[in-house]
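Structural characterization, general
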Number of protein chains: 2
Amino acid sequence: MTSELDPKQQYDAKKYRTPDGIPADIVMFTLTRQERRAATKSLPRFDLKVMLIRRKSWPFAGAWALPGGFSQESESLYETARRELKEETGVDEGHLEYLGVYSTPGRDPRGWIISHAFFALVEEWVLEKRQAADDAQTVGLFTVQEALHELELAFDHREILQDAYRKIQEQMLQTTIAKQFLPEHFTLSELYQVIQTVVPDFAELNFIRKITSTRSRQGILEEARSEEGVPLLSNQYSQRPAQLYKFTDFTPRLSIYT
Amino acid sequence: MTSELDPKQQYDAKKYRTPDGIPADIVMFTLTRQERRAATKSLPRFDLKVMLIRRKSWPFAGAWALPGGFSQESESLYETARRELKEETGVDEGHLEYLGVYSTPGRDPRGWIISHAFFALVEEWVLEKRQAADDAQTVGLFTVQEALHELELAFDHREILQDAYRKIQEQMLQTTIAKQFLPEHFTLSELYQVIQTVVPDFAELNFIRKITSTRSRQGILEEARSEEGVPLLSNQYSQRPAQLYKFTDFTPRLSIYT
DNA sequence: GCAATAGTGTCTGTTAGACAGTATCTA
DNA sequence: TAGATACTGTCTAACAGACACTATTGC
């Protein structure tokens, strides 16, 4: 117990066996958009994808792995993850969130290596640029389903990816992270598509009305207006122009009892 | 990047500086009950308390700290936390959940020490027994408010406690952890008191009716019945017997959009 | 006019929220 | 019978869910 070691022991923690490394691994999600060929304008098809890197060397040479790297003494783990995200993608902003710790003995054949998983939400072009710079053999962008069920993943990265997928689904419904996958102003159909892409069994027939006209949910979104107060519309995805919305900074508190 | 180290480097991770220790610290919550003196039977007053240990030696000698201890190579961090919980309280079951990692450089003057916080929900008698075995000078049971605002806490344990408090409040509303603070069968007033103790600004005037007679929430609770199907009642806290309930294993999915 | 998205109308049954009122039991 | 908890009644406004219907505009 920390509090009951004698002073000698506390000074010399190195007398114990200590870990061989503390990496941060990052699940980088992105939402890709593919135009559908249709008679008129239509919403693109979305896919939730994850970036993986093919390992070159032992262990798990040839398998796909989450990008990541070891933490240094001078930085917190969040800073490690930020740094790795920057190194991998070139961007130093965007949503980055802690996921959890993976410490099962034997998870890494190189030694006692405790990994911290993060997940990031990055824009499509970022990962595509990264992929273009390298070989498609080296960097891959896969749908979550492919990555989970069709690829050989290194270490316990399948478990990490599974946890990350569960977490992003939860967050998509309970927070406003959807904004990470949308431009500042967006239509309600776009928002609905984003939610459905991440959480396929999310279904709301009266989505538009529920968002716009129920008092208890007012405050999550607000209409986008020009400086003169004129409502902003978009006909990017439809013939009929649609009202644009933006997120406020309000997130309601959820409860199973209310 | 993990995947781009050459084989030599990967074999000898020890050539890098590695952490001096990876402890698990545990925020042990309990709910204490104090009978109120009243003319007739009445509900007890509840308090959410946390167990702290007074440090004997450098660093932070004399300050209060979360119980915890260093992880070993042969165990996962969850197992470390379980083991510490057992060592501190004598019980090897009960709710134990991961909270997060604390790795700000300099957080521990002893060296590069990355701490993993857990929180546990234990029964009142467990901590009282522990406290009786030691000195009140050594082991303390404080309300969260006291611990956060009136005590000198070691390391970054105030931040950890603050995070744990936020998390338990969220969990209390969004999951069924309330069951950890209740007997198997309980009255709705008891449940309401438990929720309110952890989340003081939770207020529902029609709590009983909302829980029992709204279809969308059916499934969280069910009436406790004897084997013959007779509803079980309790008059422990009231003259008029109250229906007993128990949790099912169902937890609804929450969403800000529905 | 057709195709596609963007909404609105309408109906029924359920729920929220406020608050008054009744029920039950024992000290 | 007083005091405490345990409910139930009642009313209004809001909401959910289903589905039909209208609106807009480029092609």
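Note that this is a predicted model, so its numbers are computed, not measured. (Residues numbered from 1 in each chain as written. Chains lettered and ligands numbered in written order. Predicted model: local features only at pLDDT ≥ 70, side-chain atom pairs only at ≥ 80, totals over all residues. Heavy atoms only, no water.)

The next thing to look at is the side chain of Gln171 of chain B. All names here are of chain B. For Gln171, the position within the fold is in helix 5 (residues 157-174). Taking relative accessible area as the criterion, Gln171 reaches 12% and is therefore assigned buried. Not counting the four nearest positions on each side in its chain, Gln171 is found in contact with Glu97, Phe119 and Ile177. (Helix = DSSP H or I, 4+ residues; strand = E, 2+ residues; numbered from the N terminus. Buried < 20%, exposed > 50% of the residue type's maximum accessible area, 1.4 Å probe, protein only. Contact = heavy atoms within 4.5 Å.)

This brings us to the protein's contact with DNA strand D. Looking at DNA strand D, there are 28 residues lining it, with Gln239 and Arg240 of chain A together with Ser189, Arg209 and Arg240 of chain B nearest. Within 4 Å of the protein, the contacting atoms of DNA strand D are 64% sugar and phosphate, with bases supplying the remainder. In the model, a base nitrogen of DNA strand D is placed 3.1 Å from a nitrogen or oxygen of the Asn206 of chain A side chain. Listed by contribution, the elements that provide at least two residues to the surface near DNA strand D are helix 7 (207-213) of chain A together with helix 7 (207-213) and strand 11 (242-247) of chain B. Residues belonging to the surface near DNA strand D are distributed by class as follows: 7 nonpolar, 12 polar and 9 charged. (Near = heavy atom within 4 Å. Polar contact = N/O pair within 3.5 Å; in protein donor to acceptor, adjacent residues only side chain to side chain. Nonpolar A, V, L, I, M, F, W, Y, C, P; charged D, E, K, R; others polar.)

Now for the protein's contact with DNA strand C. Residues in close proximity to DNA strand C total 29 residues, the closest being Ser189, Arg209 and Arg240 of chain A together with Arg215 and Gln239 of chain B. Close to the protein, within 4 Å, the atoms of DNA strand C are drawn from sugar and phosphate at a rate of 67%. A distance of 3.3 Å separates a sugar or linking oxygen of DNA strand C from a polar atom in the side chain of Thr40 of chain A. Separating a phosphate oxygen of DNA strand C from a side-chain N or O atom of Lys210 of chain B is a distance of 3.4 Å.

Reports of interface size often rely on the accessible area that becomes lost once the parts have come together. Between chain B and chain A, the contact holds 73 residues from the first and 73 residues from the second. Together chain B and chain A conceal approximately 6400 Å² of surface at their shared face, both sides included; 58% is due to carbon and sulfur atoms. The tally of links between chain B and chain A comes to 4 salt bridges. Between Glu73 of chain B and Arg17 of chain A there is a salt bridge, with its nearest N and O atoms 2.7 Å apart. At the junction of chain B with chain A, the criterion picks out 12 residue pairs in polar contact (both at pLDDT 80 or more). Elements with a minimum of two residues in the side of chain B that touches chain A: helix 1 (7-11), strand 4 (68-70), helix 2 (77-89), strand 5 (95-102), helix 5, helix 6 (188-198) and helix 7 of chain B. Top contributing element to the side of chain B that touches chain A by residue count: helix 2 of chain B, with 4 residues. (Buried area = accessible area lost by both parts, 1.4 Å probe. Salt bridge = Lys/Arg side-chain N within 4 Å of Asp/Glu carboxyl O.)

On to unusual backbone geometry, then. Residues and elements named next belong to chain A. At the junction of Trp58 and Pro59, the peptide bond is cis and its omega measures out at -5° in the coordinates. Its location among the elements puts Pro59 in the loop between strand 2 (45-54) and strand 3 (64-65). Phi at Phe155 is positive, roughly 50°, even though this residue is not glycine. Overall, the relative accessible area of 13% leaves Phe155 in the buried class.

In terms of burial, helix 6 (residues 188-198) of chain A is a largely internal element, 8 of the 11 residues being buried. For helix 6 of chain A, the complete set of buried residues consists of Leu188, Glu190, Leu191, Tyr192, Val194, Ile195, Thr197 and Val198 of chain A.

Taken as a whole, this structure holds 32 salt bridges over all chains when the rule is applied. A salt bridge links Glu190 of chain B to Arg33 of chain B; its shortest N-O distance comes to 3.6 Å. In this pair, Glu190 of chain B is assigned in helix 6 and Arg33 of chain B in strand 1 (residues 23-34), connecting sequence segments 157 residues apart. In this structure Glu190 of chain B comes out as buried when scored by relative accessible area, which is 3%. A relative accessible area of 26% places Arg33 of chain B in the partly exposed class. Each member of the salt-bridge network shares a partner with another, and the members are Glu75, Arg83, Glu84 and Glu87 of chain A.

Applying the stated criterion to the full structure yields 23 aromatic pairs over all chains. Residues Phe202 of chain A and Phe207 of chain A carry aromatic rings whose centres are separated by 6.3 Å and whose planes lie at 85° to one another, so their mutual orientation is edge-to-face. For Phe202 of chain A, a relative accessible area of 3% corresponds to the buried category. Here Phe207 of chain A falls in the buried class, since its relative accessible area comes to 4%. Relative to Phe142 of chain B, the ring of Trp64 of chain B lies with its centre 4.9 Å away and its plane at 75°, an arrangement referred to as edge-to-face. A residue pair is termed long-range when its members are at least 10 positions apart, and Trp64 of chain B in strand 3 (residues 64-65) and Phe142 of chain B in strand 7 (residues 139-143) qualify at 78 residues. Three or more aromatic residues joined by ring pairs form one cluster here, namely Tyr78, Tyr98 and Phe118 of chain A together with Tyr78, Tyr98 and Phe118 of chain B. (Phe/Tyr/Trp six-rings, centres within 6.5 Å; stacked < 30°, edge-to-face > 60°.)

Fair warning: the whole summary comes from geometry, so function is off the table for now.
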